[in-house]
Each structure stands twice: as C-alpha cells, then as structure tokens.
Amino acid sequence: MPEAVLQRAAAEMLDWQGSGMGVMEMSHRGKEFGAICAQAEADLRQLLAVPEDFHVLFMQGGGLGENAIVPMNLSRGGQVDFVVTGSWSVKSHKEAQRYCQAKVIASNADSKHTRMPDPSTWELSADASYVHICSNETIHGVEFQTLPDLAALGSQAPLVIDFSSHVASRSVDWRRVGLAFGGAQKNLGPAGLTLVIVRDDLLGHALDICPSAFNYRTVADNQSMYNTPPTWAIYVAGLTFQWLLQQSEGALTGVAAMEQRNQAKARLLYDFIDASPFYENKVSPDCRSRMNVPFFLVDETRNDDFLSGARDRGLLQLKGHKSVGGMRASIYNAMPLEGVQALVDYMREFERSHA
Ligand SMILES: *Cc1c(COP(=O)(O)O)cnc(C)c1O
C-alpha cells in the first residue's frame, strides 16, 4: 500500500469528509458511499483507459473465486482453452474443469515454468468459448510482456486474463482482451475486493447454476450493488487509484509513469542478480516479471542467515513461495525505487561477507 493512501484512510477513519461517519459505517445505498463508488469507477476507467463497451464490476470471492465465476459466465458449458504457465493458471484450469471442457493448449511445465510458450505454438481450438491466460504468474515470476493477439492467430475467442498481481503496473491493450479479473490485494488495495472488467457482449450467457450474486449481467445491471459490495475495500482502492493518477515520471503520469518506474525497479534488481555469481534467477530474460522476482542463493545453506539479516534491516517478506523455494521480492507499485535499492545494497553486502 502507498503510505500516503494509508495516512489518508487513517485520517478519515472516524469521519469521512464531515459526514459524521466512517466509511465502514455507511449504508452502501447512501449518497456518500454512492459518490465514493462512482468516483472509484471513474478513476479506474481513466487509469486503465477502459473502453466504453467494457463494464467495471466490483465483486468478491478473489482470484480463486473467479476461477469458477468466469467459466460459469462465459463457457456456455462448452470448450475453453487454457495456457498453463505457472501455479495460478494450473489452478484456474483445474477449477474450470468442473464447469466446462477445459483444455490445456500450451504449457511451460517442461521448463518448470521459467519460459513462456510462444503464442505461435498454441493449439487454439476452433470452437473455444474463451482462452484463459495468467498475464503475470506471481509465484514463478513469469509475465507476458505483450498480450497475445488471438485474432492474428486465427481465433475468434475472447481472451481472459488473470491480472491479479500486475494490474495497474503497465497498460492493458483492451483490443486483445475480453475479460480481465484480479484480486485487489496485491497492487490496488486491501483484500476483499475483486475487480472484473468485461466486454459488454460477453454478458448474459451464464450457466443456470451460476449464483445470482456472481452473474456478471446481474452485477452490471445493479452497478455492483446487487448485494452489499466490499465498501471499505472499494474506498481504499479508490484512494489508491487517485494516488496512481497523481504519480509522474518526467512527462508521463498514471500507469505510464508506474510502468517506467517498475521497469527501472526490475532492471536494478535483475541486473544485480545476473552480474553476481552468488545469486541466481532462473527465468528466461524475455519473460521475467516486473512485479515478482524469485531468486536463489547459489549456496542454499545460507538462506536462513540471508532472511534474518534482511529482517534486521526491515526488508520483510522475502522468503520464496514454498513450491519454488529460495527468495522472492515482490516489488509491487507501492514499492519505491529506494526500497529495491535497499534490497540490492543488502544483497551486495551479504555476498561480500559470505562469498
Ligand atoms: C494472488 C493471486 C490470486 C489469488 O486469488 P485470491 O482468491 O484473491 O487469493 C489469483 N491469481 C493470481 C495471479 C494471484 O497472484
């Protein structure tokens, strides 16, 4: 979370803008929260340049919830294509099998999820209801640097992207996307809010078994208020949208500024790792994530020492995911360049004293 956002939320905690209430105490149908929610949607649309024919839905259930909600809404019970590139798309494929014929049309499992399968090799089905990718694999640290152009590959199917862990870190080419979903908790705000951005023509085809509260048509028709939305999470995410819109790097603002900053942060860390014989990143350079940087100490017996030294310096949450091991630096939007520099300084010092 950007510190400025936490401070603003703290300052308004007991009394939002003279209303005599904190946001958590408001009716979601009152005029105050209505204004907060409408502003959040408008700011998000501006931030991500969301086209007019897409709906912005504020939902609940997280990324894993969407693994079921997307196929219930979009699959029509038919065939769906999955590109499996890491833990998250593995999970998405597995869950979708309960609702449709979910087929893996490309995978990077043979490389232990360290390379992206080239879209020209994907075995796209002629009749798929949609094609699912995870555009940034949080655990394995692989990211699509450009979204696949399915139309150019001869497919009419809409592309569904799970952009949970890099939303708002780079621009989205909406001409290539039918639906994007993501939990807000990595790059936008507190846990509890799930963002869905979906093209209008994809609504209205939900399976009968789809819960009404998870039917995109119903959610859209009710401006995300069919049932009580996660009001606090929407409010704090809205503050983050405003913070993001205010960011600048030279002439760039908003997401373009974040993209430039995130490139610089990632370059600093990867360049250091690549130049060092003491540390290693195993992901192919052309698909390395800008947000999640898994790395290993070549001598893994020093892992615990590395982590405790990092903790002493306030460098937290560096232990890698248990399925991959080693370390992982998640350098989301709110992490400033100075934070990445502090990590690199520590890594250099640790190497000097242990090499
Ligand atoms: C964190 C994450 C999720 C998690 O979803 P939740 O249900 O919100 O825990 C899904 N997909 C990706 C790519 C993630 O990084």
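Everything that follows concerns the structure shown earlier in this document.
In this report, the structure presented in the accompanying data block is examined.

Conventions adopted
The numbers attached to residues start from 1 for each chain and follow its sequence in the written order. Since the coordinates come from a predicted model, pLDDT governs what is reported: local features require at least 70, and pairs of side-chain atoms require 80 or more to be given and counted, while whole-chain, interface and lining totals use all residues. Side-chain metrics rest on all non-hydrogen atoms present in the structure, leaving aside hydrogens and water. Only buried residues count toward a nonpolar core. Its members are Ala, Val, Leu, Ile, Met, Phe, Trp, Tyr and Cys residues joined through side-chain atoms within 4.5 Å. Buried means the residue's accessible area, taken with a 1.4 Å probe over protein chains only, is under 20% of the maximum for its type, while exposed means over 50%, and partly exposed covers the values in between. Think of it this way: any DSSP run of H or I at least four residues long counts as a helix, any run of E at least two long counts as a strand, and we number them from the N terminus. Segmentation into domains, and thus their bounds, comes from an automatic or database assignment. Any two residues whose heavy atoms approach within 4.5 Å at even a single point are treated as in contact. Residues are classed as near a molecule or strand on a simple rule: at least one heavy atom within 4 Å of it. Any pair of N or O atoms that falls within 3.5 Å is considered a polar contact. Within protein, one atom must be able to donate a hydrogen and the other to accept it, and sequence-neighbouring residues count only if both atoms are side-chain atoms. Only the protein chains shown count as cover for residues, and the accessible areas themselves come from Shrake-Rupley with a 1.4 Å probe. Amino acid classes used here: Ala, Val, Leu, Ile, Met, Phe, Trp, Tyr, Cys and Pro are nonpolar; Asp, Glu, Lys and Arg are charged; the rest, including Gly, are polar. One side-chain nitrogen of Lys or Arg within 4 Å of one carboxyl oxygen of Asp or Glu is enough to make a salt bridge. Note on definitions: the grid is 1 Å and covers protein atoms alone; a cavity is a set of points where a 1.4 Å probe fits but cannot get out; a pocket is an open set with protein on both sides within 12 Å along at least five of seven lines; lining residues have an atom within 4 Å of a point. Grid points are joined across faces, edges and corners, and a volume is the space filled by probe spheres set on the points.

What about the nonpolar core?
In step 1: Of all hydrophobic cores here, the largest spans 57 residues; its most connected members are Leu-48, Phe-58, Phe-163, Trp-174, Leu-195 and Ile-197.
In step 2: The greatest single-element share of this core, amounting to nine residues, is contributed by helix 6 (residues 231-246).
In step 3: Here this core spans two domains, and each of domain 1 (12-246) and domain 2 (248-354) adds at least three residues to it.
In step 4: Phe-163 has contacts with Leu-48, Ser-135, Val-172, Trp-174, Ala-180, Phe-181, Gly-182, Leu-195 and Ile-197, leaving out every residue within four places of it along the chain.
In step 5: Counting residues in each nonpolar core, the second largest holds 24 residues, with Tyr-270, Phe-272, Ile-273 and Leu-315 among its members.

Some details on the site of the ligand
In step 1: Lining the immediate environment of the ligand, one finds Gly-62, Gly-63, Leu-64, Trp-88, Cys-134, Asn-136, Thr-138, Asp-162, Ser-164, Ser-165, Gln-185 and Lys-186.
In step 2: Here an oxygen atom of the ligand sits 3.1 Å away from a polar atom, N or O, in the main chain of Gly-63.
In step 3: Separating an oxygen atom of the ligand from a side-chain N or O atom of Gln-185 is a distance of 2.8 Å.
In step 4: For the ligand, whose accessible area on its own is 390 Å², the fraction buried by protein is 86%.
In step 5: It is helix 3 (residues 62-74) that contributes the most residues to the shell around the ligand, three residues altogether.
In step 6: Counted by class, the shell around the ligand contains three nonpolar, seven polar and two charged residues.

Thoughts on the pattern of salt bridges
In step 1: Scanning all chains against the criterion turns up 16 salt bridges.
In step 2: Between Asp-149 and Arg-176 there is a salt bridge; the shortest N-O distance is 3.8 Å. Of the two residues, Asp-149 sits in the loop between strand 6 (142-143) and strand 7 (159-162) while Arg-176 sits in the loop between strand 7 and strand 8 (179-183), which places them 27 residues apart along the sequence.
In step 3: The partly exposed category is assigned to Asp-149, whose relative accessible area is 30%.

A word on empty space enclosed by the protein
In step 1: Scanning the model with the defined rule gives one cavity of 30 Å³ or more in all.
In step 2: Considering only enclosed or pocket space, the largest cavity measures out at about 40 Å³ in volume.
In step 3: In terms of lining, the largest cavity is formed by Glu-66, Asn-67, Val-70, Pro-71, Phe-82, Ser-92, Ala-96, Tyr-130, His-132, Val-160 and Phe-181.
In step 4: Put simply, the parts of the chain that give the lining of the largest cavity at least two residues each are helix 3 and helix 4 (87-96).
In step 5: At four residues, helix 3 tops the list of elements feeding residues into the lining of the largest cavity.
In step 6: A breakdown of the residues in the lining of the largest cavity according to their chemical character gives seven nonpolar, three polar and one charged.

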